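Below, each chain spelled out in residue letters.
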Amino acid sequence: GENANARKTFEAALKSGKKESLLYAVYAYMLVEMKDRTRAIEVLNRTARHDSLGGVSASDASETLTSLANNQFYSGNLEIADSLNRRVLALDRSIHGERHPHVASDLLNLGAIQFEWGRWAEAQNEIGLLRVLANEMPALRPRRVDLAPELSAEAAARRLAAELDAGDAEPE
């Protein structure tokens with residue numbers, strides 16, 4: 001049907017020789033929307049390999065790796081997601097500095113992974129850094145994560161998980 005035709009069209013475009021990161025990103029997004037996260041990860045891996053060859057900005061490479069990390073996380077591949085998010089955090093810090101919404105988003109992603117692993121202290125560390133950034137940066141106010149300092153690390157991580165499940169603190 002329609003999904004099969006869309007896949008064929010994107011695959012033909014990718015084989016045409018012009019390997020634009022945007023084309024890969026749109027294809028991966030479409031695959032996620034079609035509930036084919038496994039194939040989306042394959043496409044994002046191809047994109048990341050293409051990006052590593054050069055010709056794309058560091059910012060575009062960061063966006064590709066972020067999408068790949070998020071898809072790995074939602075597929076339950078936490079070790080891969082953690083590794084990718086740590087690379088993205090380093091890349092975003094080098095591009096934007098310590099105090100930027102992308103860095104805050106990276107910290108949130110790393111905190112969510114630590115929470116999934118039950119590493120409450122590590123989750124609290126990541127979220128603590130995020131809280132500092134959220135309080136300092138007006139751009140983050142609409143998505144501010146407000147964890148009460150009197151909560152234990154475990155309670156704070158549970159509260160964050162509830163906020164993530166509700167979509168209130170989901171990174172863009």
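See the structure shown above.
Residues numbered from 1 in each chain as written. Predicted model: local features only at pLDDT ≥ 70, side-chain atom pairs only at ≥ 80, totals over all residues. Heavy atoms only, no water.

**Quick notes on the overall build of the protein chain**
Looking only at helices and strands, the protein chain features 8 helices and 0 strands. Starting at the N terminus and ending at the C terminus, the protein chain contains elements arranged as α-α-α-α-α-α-α-α. For the protein chain, with 172 residues in total, the buried portion stands at 41%. Taking as baseline every contact in the protein chain between residues at least 6 positions apart, the subset at least 24 positions apart corresponds to 49%. Surface summary for the protein chain: the accessible area is close to 9400 Å², and the carbon and sulfur share equals 50%. (Helix = DSSP H or I, 4+ residues; strand = E, 2+ residues; numbered from the N terminus. Buried < 20%, exposed > 50% of the residue type's maximum accessible area, 1.4 Å probe, protein only. Contact = heavy atoms within 4.5 Å. Areas by Shrake-Rupley, 256 points an atom, 1.4 Å probe, with all protein chains shown as cover.)

**Digging into the pattern of salt bridges**
The final tally for this structure, using the stated rule, is 6 salt bridges. Of the charged contacts in the structure, one is a salt bridge between Arg 39 and Glu 42, with a shortest N-O distance of 2.9 Å. Of the two residues, Arg 39 and Glu 42 are both situated in helix H3 (residues 37-52); the distance of 3 residues between them amounts to about one turn of the helix. Assessed through its relative accessible area of 19%, Arg 39 is described here as buried. Overall, Glu 42 belongs to the partly exposed group, its relative accessible area being 40%. Connected through salt bridges with shared partners, the residues Glu 11, Arg 39, Glu 42 and Arg 46 form a single ionic network. (Salt bridge = Lys/Arg side-chain N within 4 Å of Asp/Glu carboxyl O.)

**Digging into the side chain of Asp 36**
By the secondary structure assignment, Asp 36 is in the loop between helix H2 (21-33) and H3. Overall, Asp 36 belongs to the buried group, its relative accessible area being 19%. In terms of polar contacts, Asp 36 uses its side chain to reach the backbone amide nitrogen of Arg 39, at 3.2 Å. In contact with Asp 36, other than residues within four places in its own chain, are Arg 7 and Leu 31. (Polar contact = N/O pair within 3.5 Å; in protein donor to acceptor, adjacent residues only side chain to side chain.)

**Regarding helix H5 (residues 78-96)**
Relative to the 27 Å expected for 19 residues at 1.5 Å per residue, H5 spans 26 Å between its end C-alpha atoms, a close match to the ideal helical length. Of all the residues in H5, the buried ones are Leu 78, Ala 81, Asp 82, Leu 84, Asn 85, Val 88, Leu 89 and Asp 92. When H5 is viewed along its axis, its buried side chains cluster within an angular range of 165° and face the same direction. Exposed and oriented more than 90 degrees from the buried face of H5 are Glu 79 and Ser 94. If you follow the buried residues of H5, they end up packed against helix H4 (58-74) and helix H6 (101-116). Looking one or two residues past H5, Gly 97 carries a phi angle of roughly 90°, positive in sign. (Expected span 1.5 Å × (residues − 1). Arc of directions from axis to C-beta.)

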